[in-house]
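The residues making up each chain are set out below.
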Amino acid sequence: MNKTFFSASMILLLSGIFISCSKTDIDSNDPITENNIDTQKLLDLVNDVRSTGTTCGTTYYSPVDAIVWNCKLEKAALKHSKDMMDNNFFSHTSSNGDKFVDRLNDAGYSYNKAGENIALGYSSEESVINGWLTSQGHCANIMNPNFTEMGVGRIGDYWTQDFGKTKE
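Residues numbered from 1 in each chain as written. Predicted model: local features only at pLDDT ≥ 70, side-chain atom pairs only at ≥ 80, totals over all residues. Heavy atoms only, no water.

Caption draft 1: Region of the structure containing unusual backbone geometry. One non-glycine residue, Asn-88, adopts positive backbone phi at about 50°. Within the fold, Asn-88 resides in the loop between α4 (71–86) and α5 (100–106). (Helix = DSSP H or I, 4+ residues; strand = E, 2+ residues; numbered from the N terminus.)

Take a look at the structure:
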């Protein structure tokens, strides 16, 4: 086995460990249904775009570093998607008036930088990422070099993508 293959295999193995969130990682005080997403596919789709660079609207973004999955960001995103579905609304502001940074704090995510994308009506990981990439602001979040972590929550057709960089 050559050294390059071994290194690549270890990275893939470890990346699976890092994006594996247990049920207790995403549970809050009131039970939320299971997150209906392929976390690895979402992470791969985002990192593919980040690694090649892209144009968001009229602005070109050079390639940036890959991001990793964060279970606390997933928890905050999932809670917001559930709130939007349960209360039949679509907004970055929760039904109780909380902003996305309040949701991140509630999930225990301590951050220096943070951002959020929301979407409605998409049926797959590919379609929601493509939708976000056609929106200048959402695309800019995906390409933001200040973000090092991501979590996504989907309930029904409601999607929330939270980004951040933890405090050091």
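Further notes follow.
Caption draft 2: Representation of the state of the cysteines in the model. Counted under the stated rule, the structure contains one disulfide. At a sulfur-sulfur separation of 2.0 Å, the disulfide partner of Cys-56 is Cys-139. The sign of the -60° torsion about the S-S bond sets the Cys-56-Cys-139 disulfide as left-handed. Of the two residues, Cys-56 sits in strand β1 (residues 54–56) while Cys-139 sits in helix α7 (residues 136–143), which places them 83 residues apart along the sequence. Given a relative accessible area of 0%, Cys-56 falls into the buried group. (Disulfide = S-S within 2.5 Å. Buried < 20%, exposed > 50% of the residue type's maximum accessible area, 1.4 Å probe, protein only.)

Caption draft 3: Structural context of the pattern of salt bridges. Evaluated as defined, the whole model comprises four salt bridges. Lys-82 serves as the salt-bridge partner of Asp-86, at 2.6 Å between the closest nitrogen and oxygen. Of the two residues, Asp-86 and Lys-82 are both situated in helix α4; the distance of four residues between them amounts to about one turn of the helix. In this structure Asp-86 comes out as partly exposed when scored by relative accessible area, which is 43%. A salt bridge links Arg-154 to Asp-157; the nearest nitrogen and oxygen atoms lie 3.9 Å apart. For Arg-154, a relative accessible area of 11% puts it in the buried group. Note on Asp-157: relative accessible area 37%, which makes it partly exposed. (Salt bridge = Lys/Arg side-chain N within 4 Å of Asp/Glu carboxyl O.)

Caption draft 4: Fine view of helix α6 (residues 125–133). Those residues of α6 that fall on the buried side of the exposure criterion are Glu-125, Val-128, Ile-129, Gly-131, Trp-132 and Leu-133. Looking at the buried positions of α6, the neighbouring elements they touch are α3 (39–52), β4 (111–120), α7 and β6 (158–166). (Contact = heavy atoms within 4.5 Å.)

Caption draft 5: Local environment of the nonpolar core. Leu-42, Met-150 and Trp-159 are the most contacted members of the largest nonpolar core, which totals 22 residues. Breaking this core down by element, the ones donating at least two residues are α3, α6, α7, β5 (149–155) and β6. For Met-150, the residues in contact, after removing those within four places along its chain, are Leu-42, Leu-43, Val-46, Ile-67, Val-68, Trp-69, Asn-70, Leu-73, Gln-161, Asp-162 and Phe-163. Grouped together as the second largest cluster of nonpolar side chains are seven residues, Phe-100, Leu-104, Tyr-109 and Tyr-111 included. (Core = buried A, V, L, I, M, F, W, Y, C linked by side-chain atoms within 4.5 Å.)

Caption draft 6: Layout of the packing of α3 against α6. Packing of α3 against α6 brings their axes to within 10 Å, and their N-to-C directions diverge by 35°. As for the relative orientation of α3 and α6, their crossing is right-handed in sense. For the pair formed by α3 and α6, the contact residues are Lys-41, Leu-42, Leu-45, Val-46 and Val-49 on the first element and Glu-125, Glu-126, Val-128, Ile-129 and Leu-133 on the second. A breakdown of the residues in the contact of α3 with α6 according to their chemical character gives seven nonpolar, no polar and three charged. (Axes fitted to C-alpha atoms, helices over the stretch in contact; angles between N-to-C directions. Left-handed = near helix turned anticlockwise from the far one by under 90°. Nonpolar A, V, L, I, M, F, W, Y, C, P; charged D, E, K, R; others polar.)

In short, the description is geometric, and any link to function would need to be established separately.
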